[in-house]
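Here is what each chain is made of, one letter per residue.
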Amino acid sequence: MPDTAPFRLTIPPRAEYVATARLFAATVARVLELDETLVEDLKLATSELVSLAILGGTDAPVVVTVVPHEPMTLSVTPVDPSAYSGPAVAAPVDIVGAVFSEVEIASGGVTVTFGLEPTV
Amino acid sequence: MANNLSIDECTHAGHAVIAVRGEIDLATAPTLAAYLQDGAEHVTILDLTGVSFIDSTGLRVLLSAHEAASGEDRRFVIIAEQGPVTKLFSITGVDELLDLRDSRDAAVADA
C-alpha cells in the first residue's frame, strides 16, 4: 500500500471545537471506509482526548492527527492525562482504553493505534 | 441553548419527561448540568433517546444528577436505547449504577 500523508486538524483549545474534531475524525474514518462501529469509537476517542487537552488549560492549539496506513493511529496533542480530577469511572483516558487496546501516552500527547475492526 | 443540544419538556402518561436531543460534550454539557440543577425536584425522567453522541463530560453530568437524586431519595430515571449512549454506559459500568429504562412506557410503568 502506498504511503499517504497523515490527516491533520488544528483547532483553538475551546470547548465549541470539540465537535469539529469529532467531525474531522469521523469524516477521515469514513473516507478510509472503516467499519461504522470503528467510526463511532474514533469519534469518542477524539472527543475524550481533545476535551482532556482543553481541560488541561492549554493555550496552544490542539492537534488531531490520523495516520491512514498500518499501523493506523489517532493522536491528539497536547494532552496531559493528569489534568483530569473527576470520578474515576468517567476518566477520559480509561474510556479510550476501554474501546482501543493500544493507547500510548508520550511526547505530550496520546496516541491510539487501531486496526480495521472495532475491538468492542 | 448551546448549538448542538436541545432540552424539551413533555408529558407521557401524565408524567413529566425531559427529552434531550443532540450531542452532550464539553461545549453542551454545562447547559444540561444547569438545567438539571435548576429543576432538580421535577426532573424524574430524562429521555436520552434523541442523543446522538455523549462522552465522559456528559456522563459526569448524569452521574452528578443521579447522585443528587439519590441523596434526596428522589427518583431519577434515564431512558436510553441501544446506541452510543448505552455503549458509553456499558464500557464504564455505570449501567449497573443508573436507573435505566429503554422506553418512556417502561420509565412510567413503575413511577
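The rules behind these values
Residues numbered from 1 in each chain as written. Chains lettered and ligands numbered in written order. Predicted model: local features only at pLDDT ≥ 70, side-chain atom pairs only at ≥ 80, totals over all residues. Heavy atoms only, no water. 1 Å grid on protein atoms, 1.4 Å probe; cavity = no way out; pocket = protein on both sides within 12 Å on 5 of 7 lines; lining within 4 Å. Points joined across faces, edges and corners; volume = space filled by probe spheres on them. Nonpolar A, V, L, I, M, F, W, Y, C, P; charged D, E, K, R; others polar. pLDDT = per-residue confidence, 0-100. Contact = heavy atoms within 4.5 Å. Buried area = accessible area lost by both parts, 1.4 Å probe. Salt bridge = Lys/Arg side-chain N within 4 Å of Asp/Glu carboxyl O. Helix = DSSP H or I, 4+ residues; strand = E, 2+ residues; numbered from the N terminus. Buried < 20%, exposed > 50% of the residue type's maximum accessible area, 1.4 Å probe, protein only. Polar contact = N/O pair within 3.5 Å; in protein donor to acceptor, adjacent residues only side chain to side chain. Pairing = 2+ DSSP bridges. Axes fitted to C-alpha atoms, helices over the stretch in contact; angles between N-to-C directions. Parallel < 35°, antiparallel > 145°, perpendicular 65-115°, else oblique.

Q: Where do I start with empty space enclosed by the protein in this structure?
A: Empty pockets left among the atoms are what a rolling probe the size of a water molecule brings to light. Residues and elements named next belong to chain A. On inspection of all chains with the given rule, the structure shows one cavity of 30 Å³ or more. A volume near 40 Å³ is recorded for the largest cavity. If you trace the largest cavity, you find it lined by A25, V28, A29, L32, L34, L42, V66, L74 and F114. Looking at the lining of the largest cavity, its residues break down into nine nonpolar, no polar and no charged.

Q: It is not clear to me how the confidence of the model for chain B should be interpreted in this structure. Could you clarify?
A: Do not read the predicted coordinates in detail wherever pLDDT is low. In the predicted model, chain B carries a mean pLDDT of 93, and the fraction of residues at 70 or more is 98%. For this predicted complex, the interface confidence comes out at an ipTM of 0.93, alongside a pTM of 0.94.

Q: Whenever I open this one, the interface of chain A and chain B confuses me. Can you help?
A: Interface size is commonly expressed as the accessible area that is lost once the parts come together. Between chain A and chain B, the residue contacts involve 23 residues of the former and 18 residues of the latter. Around 1,500 Å² of area is buried between chain A and chain B when both sides are counted, 66% of it from carbon and sulfur atoms. Across the contact surface, chain A and chain B share three salt bridges. Salt-bridge contacts for A:R22 lead to B:D25; the nearest nitrogen and oxygen are separated by 2.8 Å.

Q: What am I meant to see in the side chain of B:D25 here?
A: With respect to the secondary-structure elements, B:D25 resides in the loop between β2 (15-24) and α1 (29-38). Here B:D25 falls in the buried class, since its relative accessible area comes to 1%. A polar atom in the side chain of B:D25 sits 2.8 Å from the side chain of A:R22. Ignoring anything within four residues of it in the chain, the contact list for B:D25 reads A:V18, A:A19, A:R22, A:S47, B:P30, B:F53, B:D55 and B:T57.

Q: Help me understand the sheet that holds strand β5 (residues 99-101) of chain B in this model?
A: As a general point, the strands of a sheet are linked pairwise by backbone hydrogen bonds and lie either parallel or antiparallel. Residues and elements named next belong to chain B. Within the open sheet, the five strands sit side by side as β1-β2-β3-β4-β5. Their pairing is mixed. The open sheet is flanked by β1 (5-12) and β5, the only strands paired with a single partner. Between one strand and the next, the sheet's axes are offset by a mean angle of 25°, whatever the strand orientation. In terms of strand pairing, β1 meets β2 through eight bridges, oriented antiparallel. Among the inter-strand pairings, D8 is bridged to a residue of β2, identified as A19. The strands that helix α2 (residues 56-71) touches are β2, β3 (45-54) and β4 (77-79); relative to β3, the one it contacts most, it runs at about 170°.

Q: Would you mind showing me how to read the packing of helix α3 (residues 92-99) of chain A against helix α3 (residues 84-92) of chain B here?
A: For any two helices packed against each other, the geometry comes down to the angle between their axes and how far apart the axes lie. Taken N-terminus to C-terminus, the directions of α3(A) and α3(B) make an angle of 100°; their axes are 10 Å apart at the nearest point. Taken together, the axis directions place α3(A) and α3(B) in an arrangement best described as roughly perpendicular. Along its contact with α3(A), which presents A:I95, A:A98 and A:V99, the element α3(B) presents B:K87, B:L88, B:I91 and B:T92. In terms of residue class, the contact of α3(A) with α3(B) is built from five nonpolar, one polar and one charged.

Q: Can you help me understand the sheet that holds strand β2 (residues 62-67) of chain A in this one?
A: All names here are of chain A. With antiparallel pairing, the five strands of this open sheet are ordered in space as β1-β2-β3-β5-β4. The two strands at the open ends of the sheet, each matched to only one other strand, are β1 (7-11) and β4 (102-106). Neighbouring strand axes in the sheet, compared pairwise and without regard to direction, differ in orientation by 15° on average. Examined bridge by bridge, strand β3 (residues 72-77) and strand β5 (residues 109-114) share five bridges and lie antiparallel to one another.

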